Amino acid sequence: MQTQDKFTDKQLSDEQCREIAETIREELARRRISRQALAEQAKLSLSTLEKVLGGRRPFTLATTVRLEQALGVSLRKSAVVVTLPAANDVAPDSLGSYAHRAVTWLEDVYITLRPSFGDKDAIFAYRTEIFWEPKVSALVFREGERTDAAYEHTGEVAVPHQSGFIYLVIIKHGQHRVITVSRPTVAGEMYGIISTLRAGPGSQLTPIAAPIAYVPLRNIPQPSLGRVAPDNPNHELYRKHLRRTVDESFALFLPA
């Protein structure tokens, strides 16, 4: 026990401390959460968190692990790792080289919201499940309960450390569809942009981009799915989520 305590109390190098502090500050800004909230989730005193972020105290391995568990992200690039994940528990480099244990916070069932491409006043809503798929050693997403079932997709989830965004990617027969969203807020919601093709008359397809939101199913007591019209009880709630994408600068749409 004494040996283990000695190991977890190991101080990280100055370079590792700077990298970790920078990553934590970025996560706090992206998720719009306070240092006090993070300290409580990590079971640390606010004073300790302030000192390590300000460079007045070095990070220890124990403190870093607590912060990783609270944020659900890996903070260490070159730090000593307590246990190495199994070979089939790490996503390929093309998806961000993330370990399963570092992204479990993304595994959930979401209500997906985007504007209806056929009705300017309606919102299109369907279910999306994100889960770990051992066969591909990565997070994947699966859409369901779409009124246009022929367009239900399954794809891979990229979680690169560098950009801090999450990418839901579909590549099928050379065609690409990419959804770029923020990391989850405290309530687990993700906001961003979908870039896809809009089906028109006959075989006509048109590139289109639109705001998109992923709201955990548990956050909506009685979700409405399909094309949600203005007279639907959930329409205003859904509209607020889509507006938040732009109003809070999760994504920007520039004029031509």
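Structural notes, computed from the coordinates. Fair warning: this is a prediction, and the values are worked out from it, not measured in the lab.

### Regarding the side chain of Asn 234
Here is step 1 of the chain: Mapping Asn 234 onto the fold places it in the loop between strand E9 (226–228) and helix H6 (235–247).
Here is step 2 of the chain: Residues contacting Asn 234, with those up to four places away along its chain left out, are Ile 220, Gln 222, Pro 223 and Ser 224.

### What about the packing of aromatic side chains?
Here is step 1 of the chain: Here the structure, examined in full by the defined rule, presents four aromatic pairs.
Here is step 2 of the chain: Summarising the aromatic geometry, the rings of Tyr 98 and Trp 132 are spaced 6.2 Å apart at their centres and angled 75° between planes, so their arrangement reads as edge-to-face. Pair noted here: Tyr 98 is in the loop between helix H5 (61–71) and strand E1 (108–115) and Trp 132 is in strand E2 (residues 123–133), with a separation of 34 residues, a long-range link.
Here is step 3 of the chain: Classification of Trp 132 as buried rests on a relative accessible area of 10%.
Here is step 4 of the chain: Each ring, one from Tyr 110 and one from Tyr 214, has its centre 6.1 Å from the other, and the planes form 90°; the classification is edge-to-face. One end of the pair, Tyr 110, is in strand E1; the other, Tyr 214, is in strand E8 (residues 205–216), and 104 residues separate them in sequence. Side by side, Tyr 110 and Tyr 214 carry an identical accessibility label, which is buried.
Here is step 5 of the chain: One Lys or Arg, Arg 114, reaches over the ring of Phe 117 and ends 3.9 Å from the middle of that ring.

### Focus: H5
Here is step 1 of the chain: Of the residues making up H5, those classed as buried are Leu 61, Thr 63, Thr 64, Leu 67, Glu 68, Ala 70 and Leu 71.
Here is step 2 of the chain: One or two positions beyond H5, positive phi appears at Gly 72, with a value near 75°.

### Quick look at the nonpolar core
Here is step 1 of the chain: Judged by nonpolar contacts, the single largest core of 27 residues is most densely connected at Tyr 98, Leu 139 and Val 157.
Here is step 2 of the chain: Broken down by secondary-structure element, the contributors of at least two residues to this core are E2, strand E3 (138–144), strand E4 (154–158), strand E5 (166–172), strand E6 (175–181), strand E7 (190–199) and E8.
Here is step 3 of the chain: Considering each element in turn, this core owes the most residues, four residues, to E2.
Here is step 4 of the chain: Those residues in contact with Val 157, other than ones at most four positions away along the chain, are Leu 95, Tyr 98, Ile 130, Leu 139, Val 140, Phe 141, Ile 166, Tyr 167 and Leu 168.
Here is step 5 of the chain: Core analysis: the next-biggest nonpolar cluster, separate from the first, contains 20 residues, Leu 49, Phe 59, Ala 70 and Leu 75 among them.

### Some words on H6
Given 3.6 residues per helical turn, the α-helix brings residues three or four places apart onto the same face.
Here is step 1 of the chain: For H6, with 13 residues, the first-to-last C-alpha span of 18 Å sits near the 18 Å given by 1.5 Å per residue.
Here is step 2 of the chain: Along H6, the residues classified as buried are His 235, Tyr 238, Arg 239, His 241, Leu 242 and Thr 245. For H6, the angular spread of buried residues about the axis comes to 155°, placing them on one side. Turned more than 90 degrees off the buried face of H6, the exposed positions are Lys 240 and Asp 247.
Here is step 3 of the chain: If you follow the buried residues of H6, they end up packed against E1, E2, E7, E8 and E9.
Here is step 4 of the chain: At the exit of H6 stands Ser 249, carrying a positive phi of roughly 60°.

### Digging into the pattern of salt bridges
Here is step 1 of the chain: Scanning the model with the defined rule gives eleven salt bridges in all.
Here is step 2 of the chain: Taking the shortest distance from any N to any O, the salt bridge between Arg 127 and Glu 145 comes out at 3.0 Å. Taken as a pair, Arg 127 in strand E2 and Glu 145 in the loop between E3 and E4 lie far apart in primary sequence, 18 residues in all.
Here is step 3 of the chain: A salt bridge links Glu 248 to Arg 244; the nearest nitrogen and oxygen atoms lie 3.0 Å apart.
Here is step 4 of the chain: One salt-bridge network, in which partners are shared between bridges, spans Glu 143, Arg 146 and Arg 177.

### Some words on the environment of Arg 56
Here is step 1 of the chain: Within the secondary structure layout, Arg 56 lies in the loop between helix H4 (46–53) and H5.
Here is step 2 of the chain: In this structure Arg 56 comes out as exposed when scored by relative accessible area, which is 59%.
Here is step 3 of the chain: Discounting chain neighbours no more than four positions away, the residues touching Arg 56 are Glu 50 and Lys 51.

### A few points about the pairing of E7
Here is step 1 of the chain: Of the strand pairs in this sheet, E6 and E7 are connected by four bridges, and their pairing is antiparallel. Bridge pairing in E7 links Ile 179 to Ile 194.
Here is step 2 of the chain: With ten bridges joining them, E7 and E8 adopt antiparallel strand pairing. Across the sheet, residue Ser 195 finds its bridge partner in E8, namely Ala 209.

What counts as what
- All residue numbers refer to position in the chain's written sequence, counted from 1.
- In view of the model being predicted, local features appear only for residues whose pLDDT reaches at least 70, and side-chain atom pairs are presented and counted only at 80 or more, with totals across whole chains, interfaces and linings using the full set of residues.
- Computation of side-chain values covers all heavy atoms of the structure but excludes hydrogens and water.
- The helix count covers DSSP runs of H or I at least four residues long, the strand count covers runs of E at least two residues long, and both are numbered beginning at the N terminus.
- Note on definitions: a residue-residue contact is assigned when non-hydrogen atoms from the two residues lie within 4.5 Å.
- A pair of aromatic rings is counted whenever rings of Phe, Tyr or Trp (Trp by its six-membered ring) have centres within 6.5 Å, and the orientation is called stacked for planes under 30 degrees apart, edge-to-face for over 60 and tilted otherwise.
- The buried label applies to any residue whose accessible area, calculated with a 1.4 Å probe on protein chains only, is under 20% of its type's maximum; exposed applies above 50%, and partly exposed to all values in between.
- Either the NZ atom of lysine or the CZ atom of arginine qualifies as a charge over a ring when it sits within 6 Å of the ring centre and within 35 degrees of the ring normal.
- For the purposes of this section, nonpolar cores are sets of buried Ala, Val, Leu, Ile, Met, Phe, Trp, Tyr and Cys residues that join through side-chain atoms within 4.5 Å.
- What a helix is expected to span follows from its residue count: subtract one and scale by 1.5 Å.
- What the arc covers is the set of directions going from the helix axis to the C-beta atoms.
- Each reported salt bridge corresponds to a side-chain nitrogen of Lys or Arg within 4 Å of a carboxyl oxygen of Asp or Glu.
- Think of it this way: DSSP has to see at least two bridges between two strands before they count as a pair.

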